[in-house]
Amino acid sequence: MNHNEKSNVFKPFSDNTLQFECHKGISCFTECCAKLRLLLTPYDILRMKNRLNLSSDEFLEQYTETLFEDHSRFPMVKLSMGKDKGHRCPFVTDKGCAIYEDRPEACRLYPVGRASALVDREQTTREKYFIVTETHCRGFQEKKEWTLEEWLNHEGVKEYKAMNDQWLGIITSSKSLGPKAHLARKHQMFCMVSYNLDKFRQFLFGSTFFDHFQVSEALKSRMGTDDAALMDFGFDWLKFSLFGEKTLQTKP
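Rules of the game
Residues numbered from 1 in each chain as written. Predicted model: local features only at pLDDT ≥ 70, side-chain atom pairs only at ≥ 80, totals over all residues. Heavy atoms only, no water. Core = buried A, V, L, I, M, F, W, Y, C linked by side-chain atoms within 4.5 Å. Buried < 20%, exposed > 50% of the residue type's maximum accessible area, 1.4 Å probe, protein only. Helix = DSSP H or I, 4+ residues; strand = E, 2+ residues; numbered from the N terminus. Contact = heavy atoms within 4.5 Å. Arc of directions from axis to C-beta. Salt bridge = Lys/Arg side-chain N within 4 Å of Asp/Glu carboxyl O.

Core analysis: the largest hydrophobic core is formed by 48 residues, its most contacted members being F59, L79, F190, F200, M223 and F233. Looking at this core, the element that brings in the most residues is helix α11 (residues 227-243), giving nine residues. Contacts of M223, omitting those with residues within four sequence positions, involve R201, L204, F205, F210, V215, A229, L230 and F233. Core analysis: the second largest hydrophobic core is formed by 16 residues, F20, L109, V132 and W151 among them.

Another point: helix α8 (residues 197-205). Three or four residues apart is the spacing at which side chains of an α-helix point the same way, because the helix has 3.6 residues per turn. Residues L197, F200, R201 and L204 constitute the buried set of α8. Looking straight down α8, one finds that the buried residues subtend no more than 100° of arc, so they occupy a single side. For α8, the secondary structure elements touched by its buried residues are α2 (42-51), α3 (56-63), α7 (183-195), α9 (209-212), α10 (217-225) and α11.

In this section: the pattern of salt bridges. The full count for this structure, using the stated rule, is 15 salt bridges. Where K158 meets E149, a salt bridge forms, and the shortest distance between an N and an O atom there is 2.5 Å. By relative accessible area, K158 is classed as partly exposed at 42%. On the accessibility criterion, E149 (40% relative accessible area) is partly exposed.

Honestly, that's just the spatial picture; any functional story needs more than this.
Right under this line is the structure:
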């Protein structure tokens, strides 16, 4: 997609409002659920694997591909499209999304797009929203109007943002990862914490980790069963292990 094509698709908000509606009766229903390059965040994966009652390993093997790209500091995971001619999302049906309540953040936002970054030493995420006006979409011809705030609330985006923005601060950090000889090990740690919570839980509870770091018994108990609590702790661990931030306290 060249610059002119991008400018035609990605439109700025006008008066912070959006005219759009998607429903089963619209002629393009589910056309946007195909041929996607949909990068998954840790919270996306958590919600999807739990919805499908799969382990992290099973979900990653069945539904994702890992990308190692030169422009990214860390490996990314994307949702695999179907092998059929239409290359549709594996969860789309004629009736809509089979995991609608637990669909990824990018799907919740659509047709709104979000560019964001969490700059080192800043507490608030820098973000910019825009409208994705793909030619196949007839939703823009519907009469329903939203403010941006109404759209985000309606689609349940804020819960995803709260979890994903912590991870965003890690992948957009400019802090050094240290010697090149340590990169492979740090990438492995990043992938485990970000994408495979089951293995991260085994790493914590099946090793001497808690002998070396100060973690309250209440938090340990929560992390044994609560994936969101485990993920939240994992982000602090990544900041500590990747960048040397003082997010965890070692025992004397």
